[in-house]
Amino acid sequence: MKTKKHKVLPTIGVSTLGCPKNLVDTENIIGILHAAGYPITADHDKADLSLVNTCTFIEGSTNESKEVLSELSNKEQKLIITGCMAQRFKGNLFDEFSQAQAVVGTGNIKDILDVVKKVTVNLNAGKDSKIVRVDEIPMAVANSSTPRLNTQIGPSAYLKIAEGCDHRCAFCIIPYLRGDMKSRTIEDIVTEAKTLVKNGVKEIVLVSQDSTAYGTDIYKRRALADLLRAVADKSGAKWIRLMYAYPTEMDEEILDVINKKLNIVKYIDIPLQHASTKILKFMRRPPTVRDTVELIRKKLPGGTIRTTFIVGFPGETEEDFNELYDFIKESCFDRVGVFTYSKEKGTPANDFENQVPEEVKIERRDKIMKLQQKISLEKNQAFIGQEIEMLVEHLEHTVRARHGMPQPVRAVGRSFRDAPEIDGQLYIDLKANEAVPLPGEFIKVKVTSCDEYDLFCKL
């Protein structure tokens, strides 16, 4: 009797770079491949074929993506390049990376299985494979029926509510890489949220390029408040966190929902970018940043505000920078990120006059970060002696084991004030014979000390 031959599928090594939105895309990609039987690994040395989901938001992220691709290419690892760099540079990537076999754009996740199959056939036949799957205008959006594997270590997961952006900020290349706003339906988002919770997720983080514009395409109105109500009421998530709000779209209805729903954390992530009316106009951003902050503080007392700013934008004078510095000093934001302006080809600001020298950008960034460290420390010190709720993310263990098992010595987690991976953390040193909290558990802790970023607590 003849033995039936089994087809062995290649192991796919996967890396993802960039923002949480890109991470969700990667989780959809590996979900599709895993569902088709392909083994997945994060160790490229054990892979037959490497897939890198790239970022090209600013020069630094482009360079990081190129470094990863170059390293793999130099190891003669066959590559599939996906994500924003694929969308931006398309087939030109074949010239730069000799081992590249395919480029797959941001709107072509649905094609990934077909691409991997064709690359595999070509490589088995000893052929170099040059496949381009990049829609000129990315339109496709993954939904709740798209396979997905959650790769995050910990109890949180990102949920993408929309793709693309209708704004055209002078410094931003994202609309050219992701297209215009494409919202998912409320029903579809709730379905995925329920699935995530069923699979053990405790915190759902809603993300998109412009979350507060959600629904303007399919519902012809901003429908974020309705979406928040639905996810809060139907998902079963203990925490729901909203990221990427736009200043002029953060209205009273959204803030009222966040304030009233107990499982929506009182945390607003809203990139303001600058405080100078002149620079905001140059950026093609709304000048109403002060009004927005005032509204948030009024409607969400005790809430946390996280924001980002860009220093060194073309035309930014010392006077403009000082206005920004004073605004941050007066506003006392809970969380602040500062970026130096990065010239990006294809954006209007790339051709603006009065470009600011790099050393001046760095000096201005460092000055704001020093200010924010002081503000952050003072805010953290105010929590000393207070009891707060902590979501346990993971445990740290001793090197030496007792009874053959590593012993947990510290629990690490976050409060409602901290978004995954970008904000501070809470630490608890565990005493011998003390009850050990489990990852995914919500516990009450007492803050005993702090530094500029983190809180140190006890059970």
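All of these numbers come straight from a predicted model, not from anything done at the bench.

Engineer: Could you give an account of the overall build of the chain, with specific residues and numbers?
Structural biologist: Scanning the chain from N- to C-terminus turns up 13 helices and 19 strands. For 459 residues, the compact-globule estimate of 2.2 N^0.38 gives 23 Å, and the chain sits close to it at 23 Å. Expressed as lengths along the three principal axes of its C-alpha atoms, the size of the chain is roughly 75 × 65 × 45 Å. Counting across all 459 residues of the chain, residues that qualify as buried make up 54%. Sequence-distant contacts, at least 24 apart, represent 73% of the contacts inside the chain between residues at least 6 apart. With the model as given, the accessible surface of the chain reaches about 21400 Å², and the carbon-plus-sulfur share is 51%. Counting 65 positive and 65 negative side-chain charges, the chain places the averaged centre of each group 5 Å from the other.

Engineer: Requested: an account of the sheet that holds strand S5 (residues 100-104), with residues and values cited.
Structural biologist: Pairing is parallel in the open sheet, where 6 strands are placed in the order S2-S1-S3-S4-S5-S6. Both outer strands of the open sheet, strand S2 (40-41) and strand S6 (131-133), are each paired with one neighbouring strand and no more. As paired elements, strand S4 (residues 79-83) and S5 share 4 bridges and run parallel to each other. By the bridge assignment, Thr 82 is partnered in S5 with Val 104. Sheet strands in contact with helix H2 (residues 59-74) are strand S3 (49-54) and S4, and its direction is about 170° off that of S3. Docked against the sheet, helix H5 (residues 112-124) engages strand S1 (12-16), S3, S4, S5 and S6, running at close to 175° with respect to S6.

Engineer: A description of the packing of aromatic side chains should follow, citing residues and the corresponding values.
Structural biologist: All chains considered together, the criterion is met by 10 aromatic pairs. Relative to Phe 442, the ring of Trp 239 lies with its centre 5.1 Å away and its plane at 70°, an arrangement referred to as edge-to-face. In this pair, Trp 239 sits in strand S11 (residues 239-242) while Phe 442 sits in strand S18 (residues 442-450), placing the two residues 203 residues apart along the sequence. Summarising the burial analysis for this pair, Trp 239 and Phe 442 share the class buried. Here the aromatic rings of Phe 309 and Phe 327 are separated by 6.3 Å at their centres, their planes lie at 90°, and the arrangement is edge-to-face. Placement of Phe 309 in strand S13 (residues 304-311) and of Phe 327 in helix H12 (residues 318-331) is noted, with a sequence separation of 18 residues between them. There is no split in this pair, since Phe 309 and Phe 327 are both buried. Three or more aromatic residues joined by ring pairs form one cluster here, namely Phe 171, Phe 313, Tyr 341 and Phe 352.

Engineer: Can you lay out the side chain of Gln 87 for me, pointing to particular residues and giving the numbers?
Structural biologist: With respect to the helices, strands and loops of the structure, Gln 87 is situated in helix H3 (residues 84-89). The contacts of Gln 87, once residues within four sequence positions are left out, are Gly 105, Thr 106, Gly 107, Val 134, Asp 135, Glu 136, Pro 138 and Leu 177.

Engineer: Give a detailed account of the packing of H12 against helix H13 (residues 358-381), specifying residues and quantitative values.
Structural biologist: Between two packed helices, the angle of one axis relative to the other and the distance separating the axes together describe the packing. Following both chains from N to C, one finds H12 and H13 inclined at 15°, their axes separated by 10 Å at the closest point. Taken together, the axes of H12 and H13 are roughly parallel relative to one another. By crossing handedness, the relation of H12 to H13 is classed as right-handed. Taken together, the residues of H13 that come into contact with H12 (itself represented by Glu 318, Phe 321, Asn 322, Leu 324, Tyr 325, Ile 328 and Lys 329) are Arg 364, Lys 367, Ile 368, Leu 371, Gln 372 and Ile 375. Looking at the contact of H12 with H13 residue by residue, the classes come out as 7 nonpolar, 2 polar and 4 charged.

Engineer: Give a detailed account of the sheet that holds S11, specifying residues and quantitative values.
Structural biologist: Ordered in space as S7-S10-S11-S12-S13-S14, the 6 strands form an open sheet in which the pairing is parallel. Because the sheet does not close on itself, it has two edges, and the strands there are strand S7 (156-160) and strand S14 (335-340). For this sheet the average axis-to-axis angle between neighbouring strands, irrespective of direction, equals 20°. Looking at chain direction, strand S10 (residues 203-207) and S11 are connected through 4 bridges and run parallel. Pairing of Leu 206 across the sheet is with Leu 242, part of S11. Lying on the sheet, helix H1 (residues 20-35) is in contact with S7 and S10; it crosses S7 at an angle near 90°. Lying on the sheet, helix H8 (residues 224-234) is in contact with S10, S11 and strand S12 (264-269); it crosses S11 at an angle near 160°.

Engineer: Can you break down the state of the cysteines residue by residue, with the values?
Structural biologist: Scanning all chains against the criterion turns up 0 disulfides. With no disulfide of its own, Cys 55 has Cys 84 as its nearest cysteine by sulfur position, at a separation of 5.9 Å. Residue Cys 55 is classed as buried on the basis of its relative accessible area of 11%. Note on Cys 332: no disulfide assigned, nearest cysteine sulfur contributed by Cys 450 at a separation of 15 Å.

Engineer: Explain H12 to me, and be specific about the residues and the numbers.
Structural biologist: Two residues of an α-helix separated by three or four positions point the same way, owing to the 3.6 residues in each turn. If you check H12, its first and last C-alpha atoms are 20 Å apart, about what 14 residues at 1.5 Å a residue would give, namely 20 Å. Turning to H12, its buried residues are Asp 320, Phe 321, Leu 324, Tyr 325, Phe 327, Ile 328 and Ser 331. Along the axis of H12, the buried positions cluster into a sector of 160°, meaning they face one direction only. Residues of H12 that are exposed and angled more than 90 degrees away from the buried face: Glu 319, Lys 329 and Glu 330. Taken together, the buried residues of H12 touch helix H10 (277-283), helix H11 (289-299), S13 and H13.

Engineer: I'd like a rundown of the packing of H11 against H12, residues and numbers included.
Structural biologist: In the contact formed by H11 and H12, the axes pass within 12 Å of each other and the chain directions differ by 5°. In terms of orientation, H11 lies roughly parallel with respect to H12. When H11 is examined against H12, the residues Val 289, Arg 290, Val 293 and Arg 297 are found in contact with a partner set consisting of Glu 323, Phe 327 and Ser 331. The class makeup of the residues in the contact of H11 with H12 is 3 nonpolar, 1 polar and 3 charged.

Engineer: Help me get a handle on the pairing of strand S19 (residues 455-458), residues and values and all.
Structural biologist: Where a strand is regular, its side chains alternate between the two sheet faces. The alternating pattern of S19 places Leu 455 and Cys 457 on a buried face and Phe 456 and Lys 458 on a face that is not buried. Here S18 pairs with S19 via 4 bridges, running antiparallel. Following the sheet pairing, Val 447 is matched in S19 by Cys 457. Counting the residues in the hairpin turn of S18 and S19 gives 4 residues.

Reading guide: rules and limits
For every chain, the first residue of the written sequence is number 1, and numbering continues from 1 along that sequence. Thresholds applied to this predicted model are a pLDDT of at least 70 for local features of residues and 80 or more for the giving and counting of side-chain atom pairs; totals over whole chains, interfaces and linings are not thresholded and use all residues. With hydrogens and water set aside, each side-chain value is computed from the structure's full complement of heavy atoms. Secondary structure elements are taken from DSSP: a helix is a run of H or I of four residues or more, a strand is a run of E of two residues or more, and numbering for both begins at the N terminus. Both definitions apply: the radius of gyration is a C-alpha atom measure, and the globule rule equals 2.2 Å times residues to the power 0.38. Each residue gets one of three labels from its accessible area relative to the maximum for its type: buried under 20%, exposed over 50%, partly exposed in between, using a 1.4 Å probe on protein chains only. Contacts: residue pairs with any heavy atoms within 4.5 Å of one another. Here the open area of atoms and residues is found with the Shrake-Rupley method and a 1.4 Å probe, where only the protein chains shown may cover a residue. Here the positive residues are Lys and Arg and the negative ones are Asp and Glu; neither His nor the chain ends is included. Where a charge lies is defined by one atom per residue type, namely NZ (Lys), CZ (Arg), CG (Asp) and CD (Glu). Two strands make a pair as long as DSSP finds a minimum of two bridges between them. Simply put, an axis is a line fit to the C-alpha atoms, just over the touching stretch for a helix, and the angle between two N-to-C directions goes from 0 to 180 degrees. Aromatic pairs are defined between Phe, Tyr and Trp rings, using the six-membered ring for Trp, whenever the two ring centres lie within 6.5 Å; interplanar angles under 30 degrees are classed as stacked, those over 60 as edge-to-face, and all others as tilted. In these notes the angle categories are as follows: under 35 degrees is roughly parallel, over 145 is roughly antiparallel, 65 to 115 is roughly perpendicular, and the rest is oblique. Should the near helix be turned anticlockwise from the far one by less than a right angle, the crossing is termed left-handed; should it be turned clockwise, right-handed. Residue classes follow a fixed rule: Ala, Val, Leu, Ile, Met, Phe, Trp, Tyr, Cys and Pro count as nonpolar, while Asp, Glu, Lys and Arg count as charged, and any other residue, Gly among them, counts as polar. For the purposes of this analysis, a disulfide is any pair of cysteine sulfur atoms at a distance within 2.5 Å. One fewer than the residue count of a helix, multiplied by 1.5 Å, yields its expected span. The arc in question is traced by the directions running from the helix axis to the C-beta atoms.

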